[in-house]
Structure formats: C-alpha cells, structure tokens
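# Observations on the three-dimensional arrangement
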Amino acid sequence: MVPPSLPLLLTLLFLTSSLSFSNGEDTFPTQQGHPHFHPHPHLHHGTANHNYRDALSKSLIFFEGQRSGRLPPNQRLKWRRDSGLSDGSAMHVDLIGGYYDAGDNVKFGFPMAFTATMLSWSVIEFGGLMKGELQNAREAIRWATDYLLKATAHFNRVYVQVGDANKDHACWERPEDMDTPRTVYKIDPSTPGSDVAAETAAALAAASLAFRRSDPSYSKLLLNRAIRVFEFADKYRGAYSNGLKADVCPFYCSYSGYQDELLWGAAWLHKATRNPTYLNYIQVNGQTLGAGEMDNTFGWDNKHVGARILLSKAFLVQNVKSLHDYKGHADDYICSLIPGKPFSQTQYTPGGLLYKMSDSNMQYVTSTSFLLLTYAKYLTTSSKVVTCGGTTVSPKTLRNIAKKQVDYLLGDNPLRMSYMVGYGPRYPKRIHHRGSSLPSVAAHPGKIQCSSGFSAMSTASPNPNVLVGAVVGGPDANDRFPDQRSDYEQSEPATYINAPLVGALAYLAHSSGQL
C-alpha cells in the first residue's frame, strides 16, 4: 500500500509543481546549450536503407484513422468521418473521443492507455529529433489523453471500455454506421482494476512530460490526475479482468496480473514528479511487484521490462544509487535478445525477425526496437555497456539490432514486403480493418448494415480506403504473409504496434541524416 505520508507529500507537490520543473527534463535535447543535452557522436554515421522520415510521418497519420469522436478540420485521412458521438451517454458521462484500438469499433481503455504511454515515451526520448513531426506526435498523444482525462474525471472510478466487444465483433460495419450497444464499463473500489488504472496513471504521467514545455498547464493537469489515479490503483488492488471478465476477455485480459502496472506506474510518477514518495514505493515494493522476474515480453499486457529500462535510467543518468539493481535487470533483458549468443533466449525467423507469438507479433518487434534504442541512449550518456555474463555488448550493437528489425518491417525481408500500409512499393492491401475495407461515407453515403459488411470482409479485392501508416501483425515464424483480410493475427493493425515505432523511426531518421 502507499505509505501513510503520501497525501501530505502530494499536497506539497501540487503547490511546488510549477517551481520544480523549470528546467524540464530530457524531453527535447535539441541544443548544445540545454543543460540535459548529451552529444550523440554516433548520429549521422549510419547508412539509410529506407526513408525513415517518410515512415515516421506515415506512422503518425495512422492514428488519425483510428480516431473516435468529432474529427478536427485538419484531419488528414479524409475518408474517415465523425463517429461515437453519444459514447458515455449510457452512464450519463462524456466519453466521446479516444481511439479504436485496431480493426474494430470498440474503445478499450487498457491498450489505449499503453498506446499513450509509448507515444509519450517516444516524444520524451526522441521528440527533439522529430522536427516537423513533433507537433503531429503531440496531437496523437493528446487525442488519447483528452479521452483518458474524461475517463478518470470521477474520484475512485475509471471508465475502461466503451462498446460491447462481442456484439461489435459480430458485425462488420464502419465506425460511422455503428449501431451495436455502446455499453460503458468501469472500475471502482468494488470492482477494482489496478492494471488498467496504473497504466492510465502511467500514460497521464508520461504525457505530462511530453507536454511540459509546450503546454505547461495541460502538463500539470495530466500529472495531478496521474497521481490521483495511481493512488486509486494501489489502494484498491485487483485485476480488471476478474470483475469484468465476460466483457474484456479474451480481447484484453490482464494475463500478467496487475503488479507490473503498479511498478510501471510508480516508475513514471517517479520520473514525472521527482517526489521521493515514489522512489520509496519502488524500493519497498519493487521485488514483490516482479522487478526481478525473467519475463522478457513487453507490450500492452506486461510492463515489467519497460519499467526496468525506465528505472535503469534513473541509476545510469541521474545516478540514483538505490536503483542500481535495475541496470542488472535491464541488462538481463537485453542479453536475452542478442541473436546467436549462448545467453540469447529469443526466437528469430529465418529472415531475421524477432518472433514472440503468432498473434500480432509485430507489436513486440516495435516495442523491443524502441527499448533497444532507448537503452542504448542511456548507456551512451553514462558511458556504460551491457554485461552478459563475461561478455560485454556495446550500445552500437543494440542500435544495429533495432535497425535490422525496423528495416525488416519496412521491406528488408524474404517477401520484400513492407508491413506498413502505404510505405514502399509492396505492402498489405487487405488489412483486417472495418473502416478501411468498406466503402467510405463519401463513396457510399447510405448506411451499411451490421451483417451486410461481411461480404466486403470476405472479398479478395484490396481495401478501398488506404489506412496510411498502419503496421499489421506481420509474417509468421517462417516469414510467410498471406495478406488475407480474415487473418486478424497477421493482417490487423493496432495503435500499440505503431506507438513505440514512432520513437524508433525518429531516431533512425535522424541518425541517417534524414531529419
């Protein structure tokens, strides 16, 4: 539980927050004169296999195709229209906005929050390299965080889903035509959900750092809400898929439990607030929350690895000695990824793609690539290396592994197929996505009914609307990809596939001299 002194410390934090953050953190290291700028001697020395800048731009456009709510005048994917404009009315709350997670029309709060966290982390670490895309990245974050602020507006309550997923999946219809029940699901003290609440707190805290300089008042609002939501997550413990099992499973069950999110949320609040309460929380609870567990998969469900990398920075860069163990924990994870070494524990396809599982494998490719580049940045800044038993691994090796994964995604693979829609000469044409696969409202103004849309789902014709920047689940363990709309495991895009890729592409575009 949170130490008894937390309320007093949080009150002091609110009063001093405007004074404590005058230097910002490390959000935008763009100028030599910035106190947190660390030169990157490795930049501009790489060879560019791809137009990473173009891929970065497209990876952000994708989020506009996933928007729910009232679309703004500067919407770039013009085939989308307003949708979900009564969301929340079933419980007399405003839950308009946010993102559809993937190829359906449900708003799942758990992966949406993780998406916001990873977009924010991308901006925190690599926003200074994004140039003209930085504003688009912030807008992608804000579309999620504006919704998360609505979902957390009530004390000790978080609205975690809008839409009956089973009924939604029984239809194949455009979001603009949705007529399935927009049921609202929530967690509260009697139906706790420490996992989704702590992830929401992490998202709000991370976003507060991403907006600290560009919009200080919004940043403060996000941080204060993050503090409150984390306190709720920690006080009322339980997995949200226990109380809401029939509604959130098997879609976004919390298979890993909620301990990883509590550690992850505390790590982000430590980073965002510099309040010693959170460092103390991590020191007291870290091991019971799984800090040392050897679970080497990072994604919307399990955050342990991300927390280890994030907390290792506090030790490596900020010299927080009490977090020394997290350097070892982070090294253990990184060592497990090094291909061809006796300490490697990671499967790669014959073509060289990291392979975790058949369903939406590319999410692990993008999240791992981001962590490799981010940890390489921390190691370079602190002049350290990875220790794998008696072997040392340089930051350059980590960057090379990450670059190879991103290059595979963009087309350097046995099929010469880009797995990002709209990038390169050959990419998936029949993605598992309702809005993309059905005629747009402009092309077909009349309503397309629930079941009649399935005729479009089963056709071999390319999708009429190009969901630019969407990264699909990707090839199988043998580098095969059938490009079939019905194959959701390989052909469905998702916001949490793209979110960490944004940071990786920004780094690669800059390091190859394209930004």
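Reading guide: rules and limits
- Residues numbered from 1 in each chain as written.
- Predicted model: local features only at pLDDT ≥ 70, side-chain atom pairs only at ≥ 80, totals over all residues.
- Heavy atoms only, no water.
- UniProt positions renumbered as here; feature names shortened; annotations may be inferred.
- Helix = DSSP H or I, 4+ residues; strand = E, 2+ residues; numbered from the N terminus.
- Rg over C-alpha atoms; globule rule 2.2 N^0.38 Å.
- Buried < 20%, exposed > 50% of the residue type's maximum accessible area, 1.4 Å probe, protein only.
- Contact = heavy atoms within 4.5 Å.
- Axes fitted to C-alpha atoms, helices over the stretch in contact; angles between N-to-C directions.
- Parallel < 35°, antiparallel > 145°, perpendicular 65-115°, else oblique.
- Left-handed = near helix turned anticlockwise from the far one by under 90°.
- Nonpolar A, V, L, I, M, F, W, Y, C, P; charged D, E, K, R; others polar.
- Pairing = 2+ DSSP bridges.
- Polar contact = N/O pair within 3.5 Å; in protein donor to acceptor, adjacent residues only side chain to side chain.
- Disulfide = S-S within 2.5 Å.
- Core = buried A, V, L, I, M, F, W, Y, C linked by side-chain atoms within 4.5 Å.
- Lys, Arg positive; Asp, Glu negative; His and termini not counted.
- Salt bridge = Lys/Arg side-chain N within 4 Å of Asp/Glu carboxyl O.
- Phe/Tyr/Trp six-rings, centres within 6.5 Å; stacked < 30°, edge-to-face > 60°.

Taking an unreviewed UniProt entry as the reference, the protein is identified by name as Endoglucanase belonging to Acorus calamus. Comment text from UniProt for the protein, heading Catalytic activity (unreviewed entry), reads "Endohydrolysis of (1->4)-beta-D-glucosidic linkages in cellulose, lichenin and cereal beta-D-glucans." Under the Sequence similarities (unreviewed entry) heading, UniProt states for the protein: "Belongs to the glycosyl hydrolase 9 (cellulase E) family."

## Description of the overall build of the protein
From N to C terminus, the protein includes 19 helices and five strands. Taking 24 Å as the expected radius of gyration for a compact globule of 515 residues, we find that the protein reaches 22 Å, a close match to that expectation. Counting only C-alpha atoms, the protein reaches 60 × 50 × 40 Å along its principal axes. Taken over 515 residues, the protein has a buried fraction of 64%. Considering only residue pairs separated by 6 or more positions, the protein has 75% of its internal contacts joining residues 24 or more positions apart.

## A short note on the environment of Asn74
Within the secondary structure, Asn74 is located in the loop between helix 2 (52-65) and strand 1 (107-108). Take Asn74: its relative accessible area is 43%, and that puts it in the partly exposed class. Taking the C-alpha atoms as reference points, Asn74 and Glu64, separated by 10 residues in sequence, lie 10.0 Å from one another. Excluding anything up to four places from it in sequence, Asn74 contacts Glu64 and Glu139.

## Considerations on the packing of helix 14 (residues 362-382) against helix 15 (residues 395-410)
Between helix 14 and helix 15, the least distance of the axes is 8 Å, while the angle of their chain directions is 155°. The angle between the axes of helix 14 and helix 15 places the two elements in the roughly antiparallel class. Every pair of crossing elements has a handedness; the one defined by helix 14 and helix 15 is left-handed. Every residue of helix 15 that contacts helix 14 at Met362, Val365, Thr366, Ser369, Leu372, Leu373, Tyr375, Ala376, Lys377, Leu379 and Thr380 is listed here: Pro395, Leu398, Arg399, Ile401, Ala402, Gln405, Val406 and Leu409. The residue inventory of the contact of helix 14 with helix 15, partitioned by class, reads 13 nonpolar, four polar and two charged.

## Quick word on the UniProt feature "domain: Glycoside hydrolase family" (unreviewed entry) in the protein
Mapped onto the present numbering, the UniProt feature "domain: Glycoside hydrolase family" (unreviewed entry) falls at residues 52-505. As annotated, residues 52-505 comprises 47% helix and 4% strand, and the C-alpha atoms at either end are separated by 6 Å.

## Structural notes on the sheet that holds strand 1
Reading across from one edge, 1-2-3 is the order of the three strands in this open sheet, with antiparallel pairing throughout. Each of the sheet's edge strands pairs with one partner strand only, and the pair in question is strand 1 and strand 3 (184-187). Bridge analysis of strand 1 against strand 2 (residues 158-162) gives two bridges, and the strand direction is antiparallel. The partner of Lys107 across the bridge, within strand 2, is Val162.

## A look at the pairing of strand 2
Counting buried residues in strand 2 gives five out of five residues, a clear majority hidden from the surface. Of the strand pairs in this sheet, strand 2 and strand 3 are connected by four bridges, and their pairing is antiparallel. Counterpart to Val162 in the pairing with strand 3 is Val184.

## Concerning the environment of Pro350
Structurally, Pro350 can be placed in the loop between helix 13 (324-337) and helix 14. Pro350 sits 206 residues away from Ala144 along the chain, and the two C-alpha atoms are 37 Å apart. Here Pro350 is in contact with Ala477, Asn478 and Asp479, once residues within four sequence places are set aside.

## Focus on the side chain of His50
Residue position: His50 is located in the loop between helix 1 (6-20) and helix 2. Residue His50 is classed as buried on the basis of its relative accessible area, which comes to 13%. Only 3.0 Å separates the side chain of His50 from the side chain of Asp412, close enough to count as a polar contact. One polar contact links His50 to Tyr423, side chain to side chain, over a distance of 3.1 Å. Each residue touching His50, except ones within four places of it in the same chain, is listed here: Asp407, Leu410, Gly411, Asp412, Tyr423 and Gln514.

## Focus on the state of the cysteines
Taken as a whole, this structure holds three disulfides when the rule is applied. Here Cys249 engages in a disulfide with Cys253; their sulfurs sit 1.8 Å apart. Its torsion about the S-S bond being 115°, the disulfide of Cys249 and Cys253 is classed as right-handed. Across the disulfide, Cys335 is cross-linked to Cys388 (sulfur-sulfur distance 2.0 Å). An S-S torsion of about -95° defines the bridge between Cys335 and Cys388 as left-handed. Separated by 53 residues along the polypeptide, Cys335 in helix 13 and Cys388 in strand 4 (residues 386-388) bring together distant segments of the chain. Residue Cys388 is classed as buried on the basis of its relative accessible area, which comes to 5%. With its disulfide-bonded cysteines labelled consecutively along the sequence, the protein is connected as 1-6, 2-3, 4-5.

## Observations concerning the nonpolar core
With 162 residues, the main nonpolar core has Trp121, Trp268, Ile334, Tyr375 and Leu398 as its most contacted residues. Ile334 has contacts with Ile309, Leu372, Tyr375, Val386 and Leu398, leaving out every residue within four places of it along the chain. Within the second largest apolar cluster, five residues are counted, among which are Trp172, Leu438, Ile448 and Met457.

## What to know about the side chain of Asp164
Tracing the backbone shows Asp164 in the loop between strand 2 and helix 5 (165-169). Notably, Asp164 is buried but unbridged: the nearest opposite-charge side chain belongs to Lys167, and the N-O separation is 4.3 Å.

## Focus: the packing of aromatic side chains
For the structure shown, the criterion picks out 23 aromatic pairs. For the pair Phe211 and Tyr218, a centre-to-centre distance of 5.1 Å together with 90° between the ring planes defines the contact as edge-to-face. There is no split in this pair, since Phe211 and Tyr218 are both buried. Judged by centre distance (5.9 Å) and plane angle (50°), the rings of Phe232 and Tyr236 are tilted.

## Describing unusual backbone geometry
In this structure, the amide linkage connecting Cys249 to the following residue, Pro250, adopts the cis form with an omega of 5°. By the secondary structure assignment, Pro250 is in the loop between helix 9 (245-248) and helix 10 (259-273). Although it is not a glycine, Lys131 adopts a positive phi angle of roughly 50°. Relative to the helices and strands, Lys131 is located in the loop between helix 3 (109-126) and helix 4 (134-151). A positive phi angle is found at Arg274, which is not glycine, with a value near 60°. Counting through the fold element by element, Arg274 comes out in the loop between helix 10 and helix 11 (276-285). The class of Arg274 is partly exposed, set by a relative accessible area of 37%.

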